[in-house]
Amino acid sequence: MTVLIAGGGIAGLSLALTCQQIGAPFKVFESVKEVKPLGVGINLQPSAVRELFDLRLEQHLDKIGVRTRDYGMYTRTGLEIWTEPRGAWAGYGWPQYSVHRGMLHMMLYERLLERAGPNCVETDWTATGFENKRKGAILHLKNGAGEIRQENGTLILGADGIHSAIRAQMVPDEGPPAWGGYVLWRGTTRARPFLTGASMVMVGYDAQRFVSYPISAADPATGEASINWIASIKLKQGDRWRKEDWNRLARIEDFLPHFRDWRFDWLDVPDLILSSERVYEYPMVDRDPLDRWTFGRVSLIGDAAHAAYPVGSNGAGQAIVDARKLGAAFLKHGLTSGALQAYEDEMRPITEKVIVTHRAGGGPDGILDMVEERCGGVFERIEDVISYRELEEYAEKYKKTAGFSIAELNAVPRIVPEGARI
Ligand SMILES: Cc1cc2nc3c(=O)[nH]c(=O)nc-3n(C[C@H](O)[C@H](O)[C@H](O)COP(=O)(O)OP(=O)(O)OC[C@H]3O[C@@H](n4cnc5c(N)ncnc54)[C@H](O)[C@@H]3O)c2cc1C
């Protein structure tokens with residue numbers, strides 16, 4: 001009776017920690033030989049942080065991340081449009097964290113090995129496909145040396161990210177992820193944090209955007225923190241870009257000219273870019289929503305199930321919430337295909353809405369485009385361009401779509417009840 005998890009990223013490890021918590025036997029197969037702290041900064045919304053706290057990871061999160069205080073929208077001329085408090089400052093029962101993805105990944109990995117033993121994750125094994133059997137499922141695996149093997153389990157979860165092999169078998173004609181014409185450049189820079197010291201900002205508009213936030217506390221000796229930033233540009237129709245790869249290094253000259261004049265008294269964008277240690281590029285891709293994730297005893301979780309444009313600060317958080325919903329389904333239905341179906345029935349419609357909303361420009365950044373269209377990013381008073389009410393309603397609408405509503409989250413009981421065992 002084992003849950004086989006293909007992929008040991010944020011989704012796979014959160015699911016493994018959940019299985020360990022509720023006493024469901026599991027095994028993770030991860031394609032890389034060595035788990036390393038890759039990526040740059042990400043955000044964890046209170047809905048996901050709540051789940052990590054329920055996994056007894058609060059202290060560990062505080063060691064690696066920053067409790068995000070507020071979130072501000074600014075025009076490309078540096079004028080403030082809207083700022084709202086975040087996490088506990090906004091009234092949630094839990095904080096929002098800004099954190100380095102690689103440090104979050106390593107923290108989940110180390111805690112899992114500590115709690116479930118060193119053999120629960122097998123690295124250097126890539127999932128290549130699956131088979132449903134009458135009483136279980138078989139995961140096909142291949143290692144770096146080309147050896148192949150099969151693993152028998154009760155259920156299989158494809159947690160193998162945006163290029164999922166499990167999904168490819170379910171939807172053989174799908175092809176590569178869909179590109180929306182935007183390229184993201186991502187980096188971290190040692191610098192003094194801006195505004196409150198724990199502020200997240202989004203500057204510009206659809207065609208030219210800059211997002212930044214600190215992902216470490218400031219060093220008391222230097223006053224400097226690790227500042228994450230993402231610059232994005234919309235290319236002209238018909239332009240092409242290199243294939244997506246989270247680890248591809250970039251050339252600053254490809255995008256710096258678009259941000260050369262973005263020097264504000266509260267943030268110097270060119271300086272932040274030029275002082276970065278390393279810059280990565282990533283063409284903004286997503287996947288079409290699927291009309292099913294579950295095939296018998298096999299289902300999908302995280303980006304393998306629902307990769308959306310990374311504009312709403314919720315890719316990793318959604319993966320964590322998926323894992324917890326699966327845990328709750330296992331508790332209710334046992335390790336059965338019915339549990340997979342119950343999880344899918346709840347999560348697929350929610351994540352589909354997020355994919356569609358992000359594609360249509362309806363993410364939190366939609367406010368920037370409204371202001372740019374109305375005044376070209378220049379105004380004396382923001383109230384002359386857009387009312388406070390409109391701004392507030394827009395922000396609340398996105399929170400509802402993505403499952404971040406303050407009142408709803410605070411009111412719902414724990415997804416995995418304390419002490420529950422399968
Ligand atoms: C190296 C890397 C860097 C990233 N950097 C960023 C970033 O800077 N900003 C950002 O917003 N998002 C980043 N992401 C994506 C982000 O982690 C996910 O969008 C989100 O956390 C959802 O997590 P996931 O576990 O579904 O997918 P992922 O985090 O992508 O994890 C998938 C895991 O599955 C493994 N895998 C892939 N194929 C197979 C297979 N066939 N068999 C077994 N294992 C397999 C991968 O090695 C990976 O560990 C990164 C992902 C990766 C893998």
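Check the entry above for the structure.
For every chain, the first residue of the written sequence is number 1, and numbering continues from 1 onward in sequence order. Local features in this predicted model are restricted to residues whose pLDDT is 70 or higher, and side-chain atom pairs enter the listing and the counts only when it is 80 or higher, whereas totals over whole chains, interfaces and linings include all residues. As a rule here, side-chain values cover all heavy atoms of the structure and leave hydrogens and water aside.

(A) Quick peek at the overall build of the chain. Along its length, the chain carries 12 helices and 18 strands. The C-alpha radius of gyration computed for the chain amounts to 21 Å, which stays within 12% of the reference 22 Å derived for 422 residues, consistent with globular compactness. Overall, the C-alpha framework of the chain stretches about 70 × 45 × 45 Å when taken along its three principal axes. For the chain, the residues scored as buried account for 57% of the 422 residues in total. The contact criterion used throughout is that any non-hydrogen atoms of two residues lie within 4.5 Å. Long-range pairs, those at least 24 residues apart, make up 75% of the contacts in the chain with a sequence separation of at least 6. A total accessible area of about 18100 Å² is found for the chain, and carbon and sulfur atoms account for 49% of it. Within the chain, one finds 50 positive and 55 negative side-chain charges whose respective centroids are separated by 5 Å. Working definition: helices are DSSP H or I runs of at least four residues, strands are E runs of at least two. Numbering for both runs from the N terminus. Restricting the calculation to C-alpha atoms gives the radius of gyration, and the globule rule supplies 2.2 Å times the number of residues raised to the power 0.38. Remark: exposure states derive from per-residue accessible area (1.4 Å probe, protein chains only) relative to the maximum for the residue type, with buried under 20%, exposed over 50%, and partly exposed in between. In short, Shrake-Rupley with a 1.4 Å probe defines the accessible areas, and a residue's cover is counted only from the protein chains shown. Only four residue types enter the tally: Lys and Arg on the positive side, Asp and Glu on the negative side, with His and both chain ends excluded. Charge placement uses NZ in Lys and CZ in Arg. For Asp and Glu, CG and CD serve respectively.

(B) Spatial organisation of the layout of surface pockets. When its volume is computed, the second largest pocket comes out at roughly 520 Å³. Buriedness for pockets is judged along seven lines, at least five of which must meet protein on both sides within 12 Å for an open set on the 1 Å grid over protein atoms alone, while cavities are sets there where a 1.4 Å probe fits but cannot get out, and lining residues have an atom within 4 Å of a point. For the second largest pocket, the lining is made up of 27 residues, of which V321, K325, I350, G403 and L409 are closest to its centre. Sorting the residues of the lining of the second largest pocket by element identifies α2 (46-54), α8 (315-333), α9 (337-359), α11 (388-402) and α12 (406-411) as the ones contributing at least two each. Considering each element in turn, the lining of the second largest pocket owes the most residues, 5 residues, to α9. Just so you know the grouping, Ala, Val, Leu, Ile, Met, Phe, Trp, Tyr, Cys and Pro go in nonpolar, Asp, Glu, Lys and Arg go in charged, and all remaining residues, Gly too, go in polar. In terms of residue class, the lining of the second largest pocket is made up of 11 nonpolar, 8 polar and 8 charged. Grid points are joined across faces, edges and corners, and a volume is the space filled by probe spheres set on the points.

(C) Broad picture of the site of the ligand. Consider each residue's heavy atoms; a residue with any of them within 4 Å of a molecule or strand counts as near. The local shell around the ligand holds 29 residues, among which A11, E30, R101, R186 and D303 are the closest. Here a polar contact means two N or O atoms within 3.5 Å. Within protein one must be a hydrogen donor candidate and the other an acceptor candidate, and residues neighboring in sequence count only if both atoms are side-chain atoms. Residue I10 places a main-chain N or O atom 3.1 Å away from an oxygen atom belonging to the ligand. In this structure, a nitrogen atom belonging to the ligand sits 2.8 Å away from a main-chain N or O atom of A127. Of all elements in the fold, only α1 (10-22), β2 (26-30), β9 (125-132) and α8 reach the threshold of two or more residues within the shell around the ligand. Partitioning the shell around the ligand into residue classes produces 14 nonpolar, 10 polar and 5 charged.

(D) Quick peek at the sheet that holds strand β4 (residues 65-67). Spatial ordering of the open sheet is given by β3-β7-β4, a layout of 3 strands whose pairing is antiparallel. Of all the strands in the sheet, just β3 (41-44) and β4 have a single pairing partner and so form its edges. Taken pair by pair, the neighbouring strands of this sheet meet at an average axis angle of 25 degrees, ignoring direction. Pairing between two strands requires that DSSP report at least two bridges joining them. Of the strand pairs in this sheet, β4 and strand β7 (residues 97-100) are connected by 3 bridges, and their pairing is antiparallel. When the sheet's bridge partners are listed, G65 is paired in β7 with V99. Lines fitted to C-alpha atoms define the axes, with helix axes restricted to the stretch in contact, and inter-axis angles between N-to-C directions lie between 0 and 180 degrees. Where α2 meets the sheet, its contacts fall on β3, β4 and β7, and the angle it forms with β3 comes to roughly 85 degrees. Along the sheet, helix α4 (residues 101-116) contacts β3 and β7; its crossing angle with β7, the most-contacted strand, is approximately 85 degrees.

(E) How the structure looks around the pairing of strand β13 (residues 178-191). Along β13, 10 of the 14 residues are buried, which leaves the element largely enclosed by surrounding structure. Two strands pair when backbone bridges link them, and β13 and strand β16 (residues 225-234) are joined in this way by 10 bridges, in the antiparallel orientation. Bridging from a neighbouring strand, V183 pairs with I233 of β16.

(F) Here's a closer look at the sheet that holds strand β11 (residues 148-153). Strand order in this open sheet of 3 strands is β9-β10-β11, and the pairing throughout is antiparallel. Each having just a single partner strand, β9 and β11 make up the two edges of the open sheet. Direction aside, the axes of adjacent strands within the sheet are offset by 25 degrees on average. Pairing geometry for β9 and strand β10 (residues 137-143), over 7 bridges, is antiparallel. Residue pairing across strands places E131 opposite I138, the latter belonging to β10.

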